[in-house]
Amino acid sequence: MTAQHGVGGSESFSGFAEELFRHLPRTDQRRWAAAYVQGLLSTPGKKTVRRMAAEVTDSSTAAQALHQFINSSPWEWGPIRAELMRWAEQRTRPRCWTIAPAVLPKRGAQSCGVHRRFIPHAGRTVNCQIGFGVFLSSDTEDLPVAWSMLLPDEWSDEARRLRARIPSDVTASAEEWLLNLTDELAVHAAHGPMPVVADATGYLDAAALINGLSARATTSSSPYRTT
């Protein structure tokens, strides 16, 4: 997928970025948000901030500005996620929500959420981060609309959280996060009730997740079904 063609046929990337980031309050935030996405789509190989900045502009200060946007500039991600989901739903015919883990191998111990864990599909213990994605799944594709990182018990240490700039109110378990997220996504879903399919073997308390989804599905106002 490229920055020019990956957003859907005749649509321009600038139009896509304008839609996606229109909720950001400042012009510079909208500019560097668009540059960040364009850099992710068009930079070959390792996507460092410096390489992505060089890919999208010749400005000598671009890397510093892009780094500041990613690491220091405060902005609300909720409206952007909702806009991305709306954009994706308009361009596909989803059959279900899919929840799946992603293993991100890491070398050091300082990155947010990094820990050693046995990975079932690899059959060994690795140093990694664990992410969870929520996808709109159709017959032919899976479109990611939300991501979150698993924070294991060892990341309850206050010093580690402070160093990684993890807010003090981020305390929910992965199961609670996924349940809250499915509530939010179901309310905003344009295609009506859909099954929620999750494969989190070895990463979550599957019983807690299934029980939570089942409890939601049995309420009279439930906007989705579980399977």
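As shown above, the structure is provided for reference.
Analysis parameters
Residues numbered from 1 in each chain as written. Predicted model: local features only at pLDDT ≥ 70, side-chain atom pairs only at ≥ 80, totals over all residues. Heavy atoms only, no water. Helix = DSSP H or I, 4+ residues; strand = E, 2+ residues; numbered from the N terminus. Buried < 20%, exposed > 50% of the residue type's maximum accessible area, 1.4 Å probe, protein only. Contact = heavy atoms within 4.5 Å. Areas by Shrake-Rupley, 256 points an atom, 1.4 Å probe, with all protein chains shown as cover. Phe/Tyr/Trp six-rings, centres within 6.5 Å; stacked < 30°, edge-to-face > 60°. Lys NZ or Arg CZ within 6 Å of the ring centre and 35° of its normal. Pairing = 2+ DSSP bridges. Core = buried A, V, L, I, M, F, W, Y, C linked by side-chain atoms within 4.5 Å.

### Topic: the overall build of the protein
- For the protein, the count of helices and strands is eight helices and five strands.
- Ordered by position in the sequence, the α and β elements of the protein form the string α-α-α-α-α-β-β-β-β-α-α-β-α.
- Relative to its 227 residues, the protein shows a buried fraction of 36%.
- Long-range contacts, defined as pairs at least 24 residues apart, comprise 62% of the intrachain contacts of the protein with a sequence gap of at least 6.
- Put simply, the protein shows about 13,400 Å² of open surface, and 52% of that area lies on carbon and sulfur atoms.

### Some points on the packing of aromatic side chains
- This structure, assessed with the given rule, holds four aromatic pairs.
- Between Phe-69 and Trp-75 the ring centres are 5.5 Å apart and the planes differ by 0°, which places this aromatic pair in the stacked class.
- Geometrically, the ring pair formed by Phe-135 and Trp-147 is edge-to-face, given 5.6 Å between the ring centres and 80° between the ring planes. Note that Phe-135 is positioned in strand 3 (residues 124–137) and Trp-147 in strand 4 (residues 142–149), a separation of twelve residues in sequence.
- Accessibility expressed as a relative area gives 15% for Phe-135, which makes it buried.
- Site record: aromatic cluster; members linked through ring pairs are Phe-13, Phe-16 and Trp-87.
- Just above the ring of Trp-155 sits the side chain of Arg-160; from NZ or CZ to the centre is 4.1 Å.

### Things to note about the pairing of strand 3
- Burial of strand 3 is extensive: twelve of the 14 residues sit out of reach of the surface.
- Bridge analysis of strand 1 (residues 96–105) against strand 3 gives ten bridges, and the strand direction is antiparallel. Across the sheet, Ile-99 pairs through a bridge with Val-134, a residue of strand 3.
- Of the strand pairs in this sheet, strand 2 (residues 115–119) and strand 3 are connected by five bridges, and their pairing is antiparallel. Bridge pairing in strand 3 places Arg-116 opposite Asn-127.
- Between the antiparallel neighbours strand 2 and strand 3 lie four residues, among them Gly-123 with a positive phi of about 70°.
- With antiparallel pairing between neighbouring strands as the criterion, strand 3 and strand 4 make up a hairpin whose turn holds four residues.

### Regarding the nonpolar core
- Counting residues in each nonpolar core, the largest one holds 25 residues, and the members touching the most others are Trp-97, Ile-130, Phe-132, Val-134, Val-145 and Leu-204.
- Broken down by secondary-structure element, the contributors of at least two residues to this core are helix 5 (78–89), strand 1, strand 3, strand 4, helix 7 (174–188) and helix 8 (206–217).
- Of all the elements, strand 3 adds the most residues to this core, at six residues.
- Those residues in contact with Ile-130, other than ones at most four positions away along the chain, are Ala-102, Val-103, His-115, Arg-117, Ile-119, Ser-148, Met-149, Leu-150 and Tyr-203.
- Among the nonpolar cores identified, the runner-up in size contains 19 residues, and Ala-17, Ala-35, Ala-62 and Ile-80 belong to it.

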